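Residues per chain are reported as follows:
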Amino acid sequence: MERISNLQRTNSLMEYLFDTKKQINRVNQEIASNYKVIYGSDAPGSAGMISSFQSKLERLDKHEQRITNALSLLDTQEKALEQTGDILVRASELTTQAASETLSVDQRKIIGEEILGLKTNLVNIINQQYVNSYLYGGGASSQPPVIRVENGYSEPSDTNDISARYTFANEPGYDITNMIYVSDTEQIRLNTPADEIFSSALNTLERLGRILKGYHVEPAAPAAPDGTGAAYTDAEYSQQTEDIRQCIDLLKDARVVSIENERTSIGVRTNQLIRSQDVIETLKVNIDTARSGVQDIDLYEAANTYTNLQTSLQALLQMGSQINTLSLMNFLE
Amino acid sequence: MTTGISALIDISRRSLGVQSQSIRVIGNNINNVNNADYARRVVNIISDAATGANGIVYGSGATITSVTGVVDNFLNKNYIACLSESSSAQIQSDYLQRAEALFSLDSTNGRIGTELAKFFSALEDLQSDPSSLSYRLGVLNQGQTLTSTISSTYNNLAELQREANDRMEGVVGDINRITAGIATLNEQISKYEATGQEALSLHDQRDGLLKELAKNISFSTTTQKDGTINVTLSNGFGLVTGFNSNQLKFSPTPSFVDGKNTPSALDGGSLGFITFDYDKTGTTPTEINLTSIIAAGDGELAGLLKFRGVQTVGTTSAFDVSGSIVEAATYVETIARDLLTRFNLAYLAVENGESTSGNLLGEQTNTFVSGVPQNTFALFSFRGANNSLTGGADLDSDGIPSQSDLEKFGLNSYASLLTFNLDDPSKFSAALNISNVSGTYQFADGDGSNIQNLLDQKNARINYNLGAVQVTSTISQLYDTTVSRIGVMKKEVTDAAELASGKVSQAEAAVSAVSGVDLDEEFAKLILYQKAYEASARMINVASTLLDELINLLR
C-alpha cells in the first residue's frame, strides 16, 4: 500500500493550482492579444508562415496604397487629355471657319488670336503639376516638359506670342516612363513622355496661330517647325488658305492619333490597376484568413476554456481546503 | 512472589520509557511534517532477553535499539537526477522565452521581417518617382528603422547572453558553497557515526544540500563506509571527496588558454570557462576545463551553458560558440551581413559595370552613382567603419563590399553596429551612369535603374551559410526561418521542461511516499503508544496494589 504523506498532498495540490493558474494566465493573454500564436514556440511549424503572411500583408497594403495614388494620377492625366481634346475640337471649328475665303486677313488674325490662346491653354495643361511634380515631366518631374522660347521664330522680330516657340525639354530623363509596382514582381507604366502625346497638337496650334496671324511656318507640314517663316504677301492669300486647310487634317490627326490613343492607353492601364487592386483585395482577404486561421483565437472557444479553467480553480481550492481539514485528529476525543 | 512483583514494576517502568520515547519520535515527525528534506523516523524496538525462574520464561520487556530515518536511496538518486534535468530545461526555457519575445508575432512593429518589407516598399515607391523628395525621405526613414531594428534585436540577444554568462558566475559560487557544506557535513557525520550514533538530522541536512546542488549541476554520489559521500561529475571529477570539496572557478582567461584564441561573446566581451585549479597556492595556476563536461549534463549551470554557448579554445568568432542564443544571433548577423555586402554591391552597381563606363573595377575608389561619389559600404554601413572613398572598411581596396572585407576588418558583429549610411535624401543614388565616354558621368533625372538593382535583390534566392545549417531563400524568408527556428528551439526546451517537471513531481511523490510524514499515520501510532503508556502505568498500579495486599497480609 502506497503511503501518501501530508507534504505530498500539499505539493500535488500546489502543482495543480499552479498549472491551472498558468493556463488561465495564458488564456488571458490570448484573449487580450486576440492571438493564440503569440510566439514562435506556440506553433513552430506555423511561425515562419505567420511571419511571412504578416510581411506579405504589409507589402500588399503598400501596393494597394500605391495603386490608389496611381489611379488618382491616371485620372488627372485622363482629365488633361479630355481638356486637350476639347481644345483641339474648338481649334478645328475655328480653323474650318478661318479656311473660308470670305474672311479677310484681319478677320483671320482675330481667329489666330484665339488659336494662340488655345495654344497657351494647352501648354498650361502639359505643364500642370500633380503633388509638386510635373504631371508629364517623365523622369524629370521637377522640370516643366514644355519651355517657351522667346523670339524662337526669325519673324516677326517683336517679342510676342507669334514669335515665341514652345519646345519640349530634351534633357536626360524627359523620356523616362515611370513604373509602379503593383505586386512583388509586376510593374505598370504610369506615364508617356509629353512629346509623344502633345507634340503634334502643340506644333499644329503653333503653326496655325502663326499662319492666321500672317506668317509662314517652315518647313511645310507635317514636319516640325524649325523657327523660320516669313510674312505672307498679299498675293499669298490663297496659299494662306491652303495652309489653314492643311491644319484641319493636322488637328484631326493630333486628336485622334495622339490624344485619343493615349486616352485609350490610360483606360487600359486604369483597368489593369483596378484589376490589380481587386486581386490585392482578394489576396489580402485570403492571406489574412489563412493567417487568422493559424494565429487568431476563436473567442468563443477561448471564453469557454476560460470559464472551465475558473471552475477547475474553484474546485481545486475547495478540494484543498477540505483535504487539509480532514484529519484523524478530528475524530479523536 | 516478591521477586515477581519487583520484576513487574521494573518491566512496567521500562515500558513507560519505551512508549514515551516512541511518542517523542512521533512528536519529532509531526514537527517536521512540512520539512521537505526530512525523512520520517521510526523507532526500532526489540524484545529484551528472556528471564525466568524454575524453568519458566517470562520475558523482560522491550528496548529501543535505534531510531532510523526511512530513506530509499534509489528513489532519492532518481529525484536528484530529475531535479537536475528539470532545472536545466527550465532555465533554458526562461531565457529563450525572452529571446523569442524579440521575434514575437503579436506585433509587426519593430520586427525585422516587417521592417524589411517596409524598406522594400519604400524603394518601390521611390521607383515610381525617383525624383520625389518625399519618397527619398521614405527610403531614408525606412532604411534607418530597418538598421536600428536589426541592431537593437541583435544587441538584445547579446545582452541575454551576457546576463546568462554573469549568472553562471553566481551559480558557480552557489555550487562551491553547497559542496563545501556537504564536505563539512561529511566530516560531522563521520565523527558521529564513528561513535556508533546515527546522525539523522545531519543526513537530512546533507540530503537537502544534495537536492540544492542538483538544481545547479548534475552529479553522481557514492556512499562510503564511514557515512561520507563523494560527489562526482560524469568524467569522474570529484566535487566533494570525503571531507574536502573542490572549488570551481569561473574564469574568462584560465591557464589552459595560455595565449591561444578564444571566441568572444556576442557583445564583444569575454565568456567565462568553468575550471578547477589544481594549484592550491595560486602561484602557478594549473586549471582544467570542465565547461564542456558540465554543459553535457543537467542542472541550471548546464542549462545556462546550453543557452549562452560553449566556447572552444582556438576559435575566434563569437558565432563559433555553440549555444541556442548564438544560433539565434547568427541568423540576425547573417541578415545584416547580407545587407552590407549583396545589397551594397547592388547599390554600387559594380557587378554589371553600369555605374561607370570603362574600367570600372580599377575605378572603385571613385565609383559614382547618380553623380555622387560613393563609399564602398555606401548604403548600409556600420559604426566605426571609417567609411571613406579610399580605404576604410574596404580593406582589400577592390571597391567591392565583400565578406572578406568584413572578416579582415575583424569586428565581432556587424549587426550590432549596423547603420544606414545616408542622411541626405538627395544623395540616394537612384540612377545609373548613361555616359558612353570612359571616366565621364551622365545621369538622367528621374532614372530609377539603380533602385531596380536593389529591388532585384529582394526576390533573389541566396544560399545562406548559417554554420551547420544551409538555407536557400530570399532575405525576407531568412527572417521567417529565423522566427521558426527560434520557435522550435523554445518549444523543444519548453516540452523538455514540462516533461522534466512531471518527472520531478513523480519522483518527489515517490520519495515523499517513503520518507514523508503522514499525520494520520502518526496520530494512529500516537494512540498506540499512548495506550501502551497507559497500560504500563496501569501495570505499575497493579503491582502497587499487589504489594499493598502483601504488606497488609503481614500486619
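Throughout, residues of each chain are indexed from 1 in the direction in which the sequence is written. In the order they appear in the text, chains get letters beginning with A and ligands get numbers beginning with 1. The predicted origin of the model limits local features to residues at a pLDDT of at least 70 and limits the giving and counting of side-chain atom pairs to 80 or more, whereas totals for whole chains, interfaces and linings rest on all residues.

### Notes on the confidence of the model for chain B
Detailed conclusions should not be drawn from predicted coordinates in areas where pLDDT is low.
Residues and elements named next belong to chain B.
Alright, step 1. On a range of 0 to 100, pLDDT expresses the predictor's confidence in each residue. When the pLDDT values of chain B are averaged, the result is 88; 93% of them are 70 or greater.
Alright, step 2. The way it works is that DSSP assigns letters per residue, a run of H or I at least four long becomes a helix, a run of E at least two long becomes a strand, and they are numbered from the N terminus. Here strand 12 (residues 368–369) stands out as the least confident element of chain B, with mean pLDDT 58; helix 7 (residues 300–308) is the most confident, with 97.
Alright, step 3. Per-residue pLDDT stays below 50 along residues 351–366; that stretch engages in 38 contacts with residues further than four places along the chain or on separate chains.
Alright, step 4. Here the prediction assigns the complex a pTM of 0.85, and the interface score ipTM is 0.80. Distance between backbone-placed C-beta atoms decides contact: two residues are in contact if it is within 7 Å.

### Considerations on the packing of helix 2 (residues 44–98) of chain A against helix 3 (residues 112–128) of chain B
Axes are the key here: two packed helices are described by the angle between their axes and the distance separating the axes.
Alright, step 1. Simply put, an axis is a line fit to the C-alpha atoms, just over the touching stretch for a helix, and the angle between two N-to-C directions goes from 0 to 180 degrees. The N-to-C vectors of helix 2 of chain A and helix 3 of chain B enclose an angle of 20 degrees; their axes lie 9 Å apart at closest approach. Between helix 2 of chain A and helix 3 of chain B, the crossing angle belongs to the class labelled roughly parallel. Remark: the crossing between helix 2 of chain A and helix 3 of chain B carries right-handed chirality. Here A:Ser51, A:Gln54, A:Ser55, A:Glu58, A:Arg59, A:Lys62 and A:Arg66 of helix 2 of chain A lie close against helix 3 of chain B, whose contacting residues are B:Gly113, B:Thr114, B:Ala117, B:Lys118, B:Ser121, B:Glu124, B:Asp125 and B:Ser128. Roughly parallel refers to an angle under 35 degrees, roughly antiparallel to one over 145, roughly perpendicular to one between 65 and 115, and oblique to any angle outside these ranges. By the definition used in this description, the sense in which the near helix is turned from the far one sets the handedness, with an anticlockwise turn below a right angle giving left-handed and a clockwise turn giving right-handed.

### Describing the interface of chain B and chain A
Alright, step 1. Between chain B and chain A, the contact holds 55 residues from the first and 50 residues from the second.
Alright, step 2. Mapped by element, the contributors of at least two residues to the side of chain B that touches chain A are helix 2 (73–101), helix 3, helix 11 (475–515) and helix 12 (519–554) of chain B.
Alright, step 3. It is helix 11 of chain B that provides the largest number of residues to the side of chain B that touches chain A, a total of 17 residues.
Alright, step 4. When residues are grouped by polarity, Ala, Val, Leu, Ile, Met, Phe, Trp, Tyr, Cys and Pro land in nonpolar, Asp, Glu, Lys and Arg in charged, and all others, Gly among them, in polar. Taken together, the residues that form the side of chain B that touches chain A break down as 20 nonpolar, 21 polar and 14 charged.

### Description of the nonpolar core
Alright, step 1. Residues B:Leu157 and B:Ile335 are the most contacted members of the largest nonpolar core, which totals 128 residues.
Alright, step 2. Ranked by residues supplied to this core, first place goes to helix 4 (residues 133–194) of chain B with 18 residues.
Alright, step 3. Apart from the residues lying within four places of it in its own chain, the contact partners of B:Ile335 are B:Ile112, B:Ile150, B:Ile475, B:Leu478 and B:Tyr479.
Alright, step 4. Think of a nonpolar core as buried Ala, Val, Leu, Ile, Met, Phe, Trp, Tyr and Cys residues chained together by C-beta atoms that fall within 7 Å. To sort residues by burial, count the other C-beta atoms lying within 10 Å of each one's C-beta; a count of 20 or more means buried, 12 or fewer means exposed, and anything in between means partly exposed. C-beta atoms are built from the backbone. Within the second largest apolar cluster, 40 residues are counted, among which are A:Leu94, A:Leu205, A:Ile244 and A:Ile259.

### Things to note about unusual backbone geometry
All names here are of chain A.
Alright, step 1. Of note, the amide linkage connecting Glu218 to Pro219 takes the cis form, showing an omega dihedral of -15 degrees.
Alright, step 2. If you trace the backbone, Pro219 turns up in the loop between helix 4 (194–212) and helix 5 (237–295).
Alright, step 3. At the junction of Ala221 and Pro222, the peptide bond is cis and its omega measures out at 10 degrees in the coordinates.
Alright, step 4. Along the chain, Pro222 turns up in the loop between helix 4 and helix 5.
Alright, step 5. In this model, Asn34 sits at a positive phi of 70 degrees, which is unusual for a non-glycine residue.
Alright, step 6. When you line up the elements, Asn34 lands in the loop between helix 1 (6–33) and helix 2.
Alright, step 7. Looking at Asn34, the number of C-beta atoms within 10 Å reads 14, which means it is partly exposed.
Alright, step 8. Although it is not a glycine, Asn151 adopts a positive phi angle of roughly 55 degrees.

### Some details on the sheet that holds strand 6 (residues 229–232) of chain B
Residue and element names in this part refer to chain B.
Alright, step 1. Strand order in the open sheet formed by four strands is 5-6-7-8, with antiparallel pairing between adjacent strands. In this open sheet, the two edge strands, each paired with only one partner strand, are strand 5 (220–223) and strand 8 (244–245).
Alright, step 2. Looking at chain direction, strand 6 and strand 7 (residues 238–241) are connected through two bridges and run antiparallel. Looking at the pairing, Val231 lines up with Val240 of strand 7. Two strands form a pair only when DSSP identifies at least two bridges running between them.

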